Amino acid sequence: NSEMVMSMKLIFIDPGHGGTDPGANGHGLAEKDLTLNLARKVRDYLHRHYDCDARLSRAQDKTVSLAQRTNMANGLKAVCFVSIHINAAADSRANGFESFVYTTDGAGSKSVALQNQLHRFIAPLWADKGRRDRGKKKANFHMVREFKGAAVLLELGFISNPDDARLLKDDAFLLQNAAAIAEGIAHHLELTEKDELPVYRVRVDGEQAGAYSEPDNIVQAVQRALADDANNIEIIKKG
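Residues numbered from 1 in each chain as written. Predicted model: local features only at pLDDT ≥ 70, side-chain atom pairs only at ≥ 80, totals over all residues. Heavy atoms only, no water.

## A closer look at the packing of helix H2 (residues 31-49) against helix H7 (residues 171-189)
Under the convention used in this document: Inter-axis angles, ranging from 0 to 180 degrees, are taken between N-to-C directions of lines fitted to C-alpha atoms, where helices are fitted over the stretch in contact. Helical segments are the DSSP runs of H or I of at least four residues, strand segments are the runs of E of at least two, and each set is numbered from the N terminus. Under this scheme an angle from 65 to 115 degrees is roughly perpendicular, one under 35 degrees roughly parallel, and one over 145 degrees roughly antiparallel; angles in between are oblique. Rotating anticlockwise by less than a right angle from the far helix to the near helix defines a left-handed crossing, while the corresponding clockwise rotation defines a right-handed one. Contacts are assigned to residue pairs with any non-hydrogen atoms lying within 4.5 Å of each other.
Packing of H2 against H7 leaves a shortest axis separation of 8 Å and a crossing angle of 55°. Judged on the interaxial angle alone, H7 and H2 are oblique. Once H2 is placed against H7, the crossing between them reads as right-handed. Between H2, through Leu34, Asn37, Leu38, Lys41, Val42, Tyr45 and Leu46, and H7, the contact on the second element is made entirely by Asp171, Leu174, Leu175, Asn177, Ala178, Ala179, Ile181, Ala182, Glu183 and Ile185.

## Notes on helix H8 (residues 215-227)
What counts here: Expected span of a helix, by definition, is 1.5 Å for each gap between consecutive residues, and there is one gap fewer than residues. The buried label applies to any residue whose accessible area, calculated with a 1.4 Å probe on protein chains only, is under 20% of its type's maximum; exposed applies above 50%, and partly exposed to all values in between. The arc in question is the one traced by the directions running from the helix axis out to the C-beta atoms.
In this model, H8 (13 residues) spans 18 Å end to end at C-alpha, consistent with the 18 Å of a helix rising 1.5 Å per residue. Among the residues of H8, those classed as buried are Ile218, Ala221, Val222 and Ala225. Viewed along the axis of H8, the buried residues span an arc of 95°, placing them on a single side of the element. Turning to H8, the residues buried within the fold contact strand S9 (200-204), strand S10 (207-212) and strand S11 (233-237).

## Here we look at the packing of aromatic side chains
Applicable threshold: Pairing of aromatic rings covers Phe, Tyr and Trp, the last counted by its six-membered ring, and requires centre-to-centre distances within 6.5 Å; plane angles under 30 degrees mean stacked, over 60 mean edge-to-face, and any other angle means tilted.
All told, the structure shown has 4 aromatic pairs when counted by the stated rule. A centroid spacing of 5.4 Å and a plane angle of 35° characterise the contact between phenylalanine 81 and phenylalanine 147, whose relative ring orientation is tilted. Taken together, the residues span a long stretch of sequence, with phenylalanine 81 in strand S5 (residues 80-87) and phenylalanine 147 in the loop between helix H5 (142-146) and strand S8 (150-158) at a distance of 66 residues. Exposure remark for phenylalanine 147: the relative accessible area of 5% places this residue in the buried category. Ring geometry for phenylalanine 100 and phenylalanine 141: centres 5.1 Å apart, planes at 70°, overall edge-to-face. Taken together, the residues span a long stretch of sequence, with phenylalanine 100 in strand S6 (residues 97-102) and phenylalanine 141 in the loop between strand S7 (133-139) and H5 at a distance of 41 residues. Counting every residue linked through ring pairs, the aromatic cluster contains Phe12, Phe81 and Phe147.

## Here's the deal with the pattern of salt bridges
Side-chain pairing between opposite charges can occur once the charged atoms of the two side chains come close. Condition: What counts as a salt bridge is simple: a side-chain nitrogen of Lys or Arg found within 4 Å of a carboxyl oxygen of Asp or Glu.
The full count for this structure, using the stated rule, is 13 salt bridges. The partner of arginine 93 in a salt bridge is aspartate 91, and the shortest N-O contact between them spans 2.9 Å. Of the residues examined, arginine 93 reaches a relative accessible area of 65% and is grouped as exposed. Where arginine 166 meets aspartate 163, a salt bridge forms, and the shortest distance between an N and an O atom there is 2.2 Å. Of the two residues, arginine 166 and aspartate 163 are both situated in helix H6 (residues 162-168); the distance of 3 residues between them amounts to about one turn of the helix.

## Digging into the pairing of strand S1 (residues 10-15)
Stated formally: Two strands are counted as paired when DSSP detects at least two bridges linking them.
Burial within S1 is extensive, with 6 of its 6 residues counted as buried. Of the two faces of S1, both are covered, the one formed by Leu10, Phe12 and Asp14 as well as the one formed by Ile11, Ile13 and Pro15. Where S1 meets S5, 5 bridges bridge the pair, whose relative direction is parallel. Pairing of isoleucine 13 across the sheet is with valine 82, part of S5.

What follows is the structure, encoded as structure tokens:
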């Protein structure tokens, strides 16, 4: 089993900030909490749908230095590095999504190839909500400079913008973003899809409420039933 894990492509997901470094704050949100929530969702989606090994730079709210993050990823010989952040600006009108590679990454680089796939999947989610696609950019960020492979830093909305913040409070929208990040990575790496996921029926007081394969959808169905004062909730694996 350990040999199989070793042969899998190792993907490194970096939830920005954490611990004593909260990142940006606004509208009742903290960047460090959002990035961790998203990173966990990306990891779980990848593990459910693809043959790969996805690791996080931090799996809880703790302080991890920039150097520790890239050293960890390089030490694991990860094939790609995706750093998740939430933007902020003094002008509360600033909004939307943007992605970054290192300043010297050329058109033929692996980082740009990964950025192209990530942007292709993520940007439409924000555009569909009337948010800006701020484009594919370059910057001298530690995370994209120090990792020895394909590295992209994502800025998913502005915590300082009321409309972006409203979206960032919507767990279904966060799940969409996590799935888009995962699909962008999977397409870049040409990951092998796992066999079809099992489907679970949710029955509430004897009536079927729905059939789901995604654990988050099952949890949401149960939460809705509980909110409606259901007496009996059953989760039954189909087939």
